[in-house]
Amino acid sequence: MLSQFPIHSPEEEINHPVFSKKAVQVFIKRDDKIHPFISGNKWRKLKYPLHEAKNLNKNQLVTFGGAWSNHLLATAAAAAQFGFQSQGIVRGESVDNPVLAMCRLFGMKLQFIDRSSYREKESYFNNHFDSSTAYFIDEGGRSNLGVLGCKEIIPELQQEYAHIITAAGTGTTAAGLLQGIDEANLASRLHVIPVLKNGGFIKEDINKFEVSTKNLELHLDYHFSGYGKSTPELIHFIKDFVASTGIMIEPVYTGKAMYGLVDLIKKDYFKPGSRILFLHTGGLTGLLGQLNLF
């Protein structure tokens, strides 16, 4: 049952030479440990939509994503676990890959549509599905209910942090964190690292959720040429970080955000003595599409 879904997301201190040299403490909230496939902010953003779908007696989850989407896989796994059928609408031409294969294994039916149709997601849903039985979930789990789920990260924290770091694609996780910080009356600064090129739009997306951005700082220089893209420098950093800490990160989200955090610390962005939290947003199956880079 949804109410009995176990959450295991400890806070662990990371030992790294740069952190010691700059006299900062860095902890990581291991949302990647929540579930092998419904992990990190994927679970956070699905939790309340799943509750609503159950309460509305919907039996099918319909959602959207790219061919390597962690969100599609998380939705497929959640649907199987909590008794829903699932349909994934995939952007672009028909392809096969390990992520989509796992979606199918969890029972998700996949449909590939052209990018023009994909841009009109809600219209596509309304034209092709019966809303009395099907429940719409936007790409990446973006929704007000998703914000509500991400907000719950803040009261889970076991200590107060001067700075909290997260990667961002849609801004939903960041909006939830900002809302949680504001409601708890914390002084924590939220540092958001967009993984898309020209990611300043993230602030506009956060504003649409009507949350305060007074504690928000955006760092736009760690996209490594854009979404799903990387460079040899990023790959080298990820290999070194994983081998030296035992914590798996990937090139699409967590690798870029962790690179950004380490680089900011090297540049003395944070005062000595600062306690910093890095949010591990899961999505490690993103590695499957870029293993050839390692």
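Check the entry above for the structure.
In this text the structure is predicted, and so the values were computed from the model without any measurement. (Residues numbered from 1 in each chain as written. Predicted model: local features only at pLDDT ≥ 70, side-chain atom pairs only at ≥ 80, totals over all residues. Heavy atoms only, no water.)

Caption draft 1: Structural view of the packing of aromatic side chains. For the structure shown, the criterion picks out 15 aromatic pairs. Taking the centre distance of 6.2 Å and the plane angle of 35° together, the rings of Trp43 and Phe82 count as tilted. Of the two residues, Trp43 is situated in helix H2 (residues 40-55) and Phe82 in helix H3 (residues 70-82); the sequence distance between them amounts to 39 residues. In terms of burial, Trp43 and Phe82 fall into one category: buried. Plain terms: the ring middles of Phe125 and Phe136 are 5.5 Å apart, the flat faces sit at 65° to each other, and that makes the pair edge-to-face. Residue Phe125 is found in helix H6 (residues 121-128), and its partner Phe136 is found in strand E6 (residues 134-137); the two are separated by 11 residues along the sequence. Accessibility expressed as a relative area gives 6% for Phe125, which makes it buried. Among the aromatic residues, those joined into a ring-pair cluster are Phe64, Tyr118, Phe125, Phe129 and Phe136. (Phe/Tyr/Trp six-rings, centres within 6.5 Å; stacked < 30°, edge-to-face > 60°. Helix = DSSP H or I, 4+ residues; strand = E, 2+ residues; numbered from the N terminus. Buried < 20%, exposed > 50% of the residue type's maximum accessible area, 1.4 Å probe, protein only.)

Caption draft 2: Highlighting the sheet that holds strand E3 (residues 60-65). The strand order across the open sheet formed by 4 strands is E5-E4-E3-E6, and the pairing between neighbours is parallel. Unpaired on one side and paired on the other, strand E5 (109-113) and E6 mark the two borders of the sheet. For this sheet the average axis-to-axis angle between neighbouring strands, irrespective of direction, equals 25°. Contacting strand E4 (85-91) and E5, helix H4 (residues 98-105) crosses the sheet at an angle of about 135° to E5. (Pairing = 2+ DSSP bridges. Axes fitted to C-alpha atoms, helices over the stretch in contact; angles between N-to-C directions. Contact = heavy atoms within 4.5 Å.)

Caption draft 3: Just the pattern of salt bridges, in detail. Evaluated as defined, the whole model comprises 17 salt bridges. Lys47 is paired through a salt bridge with Glu152; the nearest N and O atoms lie 3.0 Å apart. With Lys47 in helix H2 and Glu152 in the loop between helix H7 (144-151) and helix H8 (153-156), the pair connects residues that are 105 residues apart, well separated along the chain. Of the charged contacts in the structure, one is a salt bridge between Glu139 and Arg91, with a shortest N-O distance of 3.1 Å. Pair noted here: Glu139 is in the loop between E6 and H7 and Arg91 is in strand E4, with a separation of 48 residues, a long-range link. Each of Glu12, Arg30, Asp32 and Lys33 takes part in salt bridges that share partners, so that together they form one network. (Salt bridge = Lys/Arg side-chain N within 4 Å of Asp/Glu carboxyl O.)

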